[in-house]
Structure formats: C-alpha cells, structure tokens
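Coordinates in review
Listed below, chain by chain, are the residues.
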Amino acid sequence: MLDVQSYDRCELLVRYVRRVTEPAERRQSDARSARAITIKIEGVGNGSLPYSLRNPNMPCGPVSVCKRYLYEFLYGWLISSLTRADTFLVDQEQVVNARVRRNKPRKKKTRPYTREIVFHQALQNMCGGYYKAMLGFRQDGKLPLPHPEFDCERVRYEHRFAPFSGLVTPPPVQYQEFHDVTLTLQHSPSQNLYTHGCKHFHQARTLLESITNPDTEINELLRVTKTNFVVLKLLATGHKRESSNPPEFDFSYHHHFPIIKIH
C-alpha cells in the first residue's frame, strides 16, 4: 500500500527543487508561496542558483545538478509511487465489483492518477531536455566553468540536498551514485546531447497534448516544449555552433521551465 506521507515528502522536494531554479525576482514577488518552504540551504536561499542561469559568467553546474536530480531520480520515484497507487486502487475496485450482484450494472473502471502520472512524465522529460541542453552548451563552450580550485560539484550537491538526507522516502541518493549514473553522458558530443534533449521535449509535448481539458499551466508548458524543441533541433544541426554567446532563459511563459534562446 502506498505511503501517502512518503509521497507528500517527495512532492515537497520536487516543488522545492523546481522553485530554486526560477528567477529571483519571481520568488520575491511570490512571498506567500515562498513561506510554504522554509528550508534554507547554503548558496540557494540568496538567489545565487537562478542567477547562474542569467549570468554568462556563472557555471551551468547548479542548475544542471537540480534538473539532473529531478530527471534521473525524483520524478522517477514520484511516477513509480503514483503508478503503484493507481494500480492498488484499480485492484481494490475489482474486488468490490466482484462482490456486487451480477444483475447490477458494473461501474466503469477508472484510473484516478492517470492524468497526474502523465503530467509528471512530461515534467520529467522536460527536465531531461534542459539537463542535456546544458551539457551541450558546456561542451560547446557557451557556459564557461569556474576555476576548478574554487568549484566542487560534490560540495554543492551535498550542501543543497543535506536537509533531505534524513528522509527514508524518497531514499536519499548519495553523490557518488548520482555522479556514476550521469558520468557517461557528460562526455557525449554536443550534437548528440542536443538531439537527445530535442527528443525529450518532443516526448513531453506528446504527453501534454494527450491530457484532456488542459489547464493554463499545461498550455504554457506546451508553448515552452514546442519552442525548445525547435531550438535544440537547430542546435543539433550545427546552428550557431561557432558562437560563444551564452544562451538566454526566458521565464516569462512559465516560472519553473524557461524558453531557451540562442544568439
């Protein structure tokens, strides 16, 4: 049986990691929502993480870490939990229906979490698209890295996720495991990374378009996925490859998932 408390904790972590990737001005203008998450992490609460998205002199590391964690681990855990809950409820419905007299009409089976599962699958693919795009930008020298003497991904990772290390569920991911899972991908050619990122955004778009009665957020995300798909498609063909100009991230359409712009 699904542990609802565990799911709530995971959902809080997803909201937190998504929130620290949005622009500082958006966080400041939404003080009420900010109070809902009171955890303070060194280097995050002061807006340095979203600043790295907008400043070409800052590394892609912090944002890459958050998107990678969401893509590789957290959304996967959420989708697995929702799928188990969905299956459990359907099984229980079948047991109840089996006890109902045969002459009574049976209710149509429903999958209560289908919409939410599809939505989270779309967000997972979007995070994968951003992560691989960021790696591609780094490979092409569009996102200069800091001097190694003053930067350590392990330290950033452990500081950022330290508050969640005591949680049993979702199970905490140690840095070495996190690093090993993504090590091979970091050495791929940039064009391959852009192609993979493009596929992620295409898959996210397909999933979002399959949701009936889409709300405003889904329509906003669709616009983001369509635009980023085109941008990464162009980059995969070598467009602007020689340019060293850093990409821009436009949060005007969605406050967590920006549109990527290249110059």
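In case you missed it, the structure is sitting above this.
My aim in this report is to walk through the structure given alongside it, one point at a time.

Definitions and limits used
Residues numbered from 1 in each chain as written. Predicted model: local features only at pLDDT ≥ 70, side-chain atom pairs only at ≥ 80, totals over all residues. Heavy atoms only, no water. Helix = DSSP H or I, 4+ residues; strand = E, 2+ residues; numbered from the N terminus. Buried < 20%, exposed > 50% of the residue type's maximum accessible area, 1.4 Å probe, protein only. Contact = heavy atoms within 4.5 Å. Core = buried A, V, L, I, M, F, W, Y, C linked by side-chain atoms within 4.5 Å. Arc of directions from axis to C-beta. Expected span 1.5 Å × (residues − 1). Polar contact = N/O pair within 3.5 Å; in protein donor to acceptor, adjacent residues only side chain to side chain. Phe/Tyr/Trp six-rings, centres within 6.5 Å; stacked < 30°, edge-to-face > 60°. Salt bridge = Lys/Arg side-chain N within 4 Å of Asp/Glu carboxyl O. Axes fitted to C-alpha atoms, helices over the stretch in contact; angles between N-to-C directions. Parallel < 35°, antiparallel > 145°, perpendicular 65-115°, else oblique. Left-handed = near helix turned anticlockwise from the far one by under 90°. Nonpolar A, V, L, I, M, F, W, Y, C, P; charged D, E, K, R; others polar.

Quick word on the overall build of the protein chain
Helix and strand content of the protein chain: ten helices and two strands. In the protein chain, the order of α-helices and β-strands from amino to carboxyl end is α-α-α-α-α-α-α-α-α-α-β-β. Split into buried and exposed, the 263 residues of the protein chain put 46% on the buried side. Restricting to contacts in the protein chain with at least 6 residues of sequence separation, those with at least 24 account for 78%.

Some points on the nonpolar core
Among the nonpolar cores identified, the biggest contains 49 residues, and Tyr-69, Met-126, Phe-137, Tyr-157, Phe-178, Leu-208 and Phe-257 are the most heavily contacted of them. Counting residues per element, this core draws most heavily on helix α6 (residues 114-139), which supplies twelve residues. The contacts of Phe-178, once residues within four sequence positions are left out, are Val-65, Arg-68, Tyr-69, Phe-73, Tyr-157 and Val-173.

What about helix α8 (residues 175-182)?
Along α8, the residues that are buried comprise Tyr-175, Phe-178 and Thr-182. Across the axial projection of α8, the buried residues extend over an arc of 65°, all falling on one side.

A word on helix α10 (residues 216-236)
Compared with the 30 Å implied by 1.5 Å per residue over 21 residues, the 30 Å span of α10 between its first and last C-alpha is a close match. For α10, the set of buried residues is Ile-218, Leu-221, Leu-222, Val-224, Thr-225, Asn-228, Val-231, Leu-232, Leu-235 and Ala-236. N-cap assignment for α10: the residue whose side-chain oxygen lies 3.3 Å from the backbone N of Glu-217 is Asp-215. Note on α10: the residue one or two positions beyond its end, Gly-238, has a positive phi of about 100°.

Comments concerning the side chain of Asn-125
Tracing the backbone through its elements, the reader meets Asn-125 in helix α6. Residue classification places Asn-125 among the buried residues on the basis of a relative accessible area of 13%. A distance of 3.1 Å separates a polar atom in the side chain of Asn-125 from a polar atom in the side chain of His-200.

Focus: the packing of aromatic side chains
Using the criterion set out here, one finds twelve aromatic pairs in the structure. Relative to Phe-201, the ring of Tyr-130 has its centre 5.2 Å away and its plane inclined at 90°; by these criteria the two rings are edge-to-face. Placement of Tyr-130 in helix α6 and of Phe-201 in helix α9 (residues 190-209) is noted, with a sequence separation of 71 residues between them. For the pair Tyr-130 and Phe-201, one class covers both residues: buried.

A word on the pattern of salt bridges
One pass over the full model with this rule turns up four salt bridges. In this structure, the salt-bridge partner of Arg-156 is Asp-151, at a minimum N-O distance of 3.1 Å. Taking relative accessible area as the criterion, Arg-156 reaches 16% and is therefore assigned buried. Judged by its relative accessible area of 28%, Asp-151 is partly exposed.

Notes on the packing of α6 against α9
The interhelical angle for the contact between α6 and α9, taken along N-to-C directions, is 160°, at an axis separation of 8 Å. By the angle between their directions, the pair α6 and α9 is classed as roughly antiparallel. Taken as a pair, α6 and α9 cross one another with a handedness that is left-handed. Considered class by class, the residues forming the contact of α6 with α9 number 14 nonpolar, eleven polar and one charged.

Thoughts on the environment of Lys-67
Secondary-structure assignment places Lys-67 in helix α5 (residues 61-99). Residues Lys-67 and Tyr-131 lie 64 residues apart in sequence; the distance between their C-alpha atoms is 5.7 Å.

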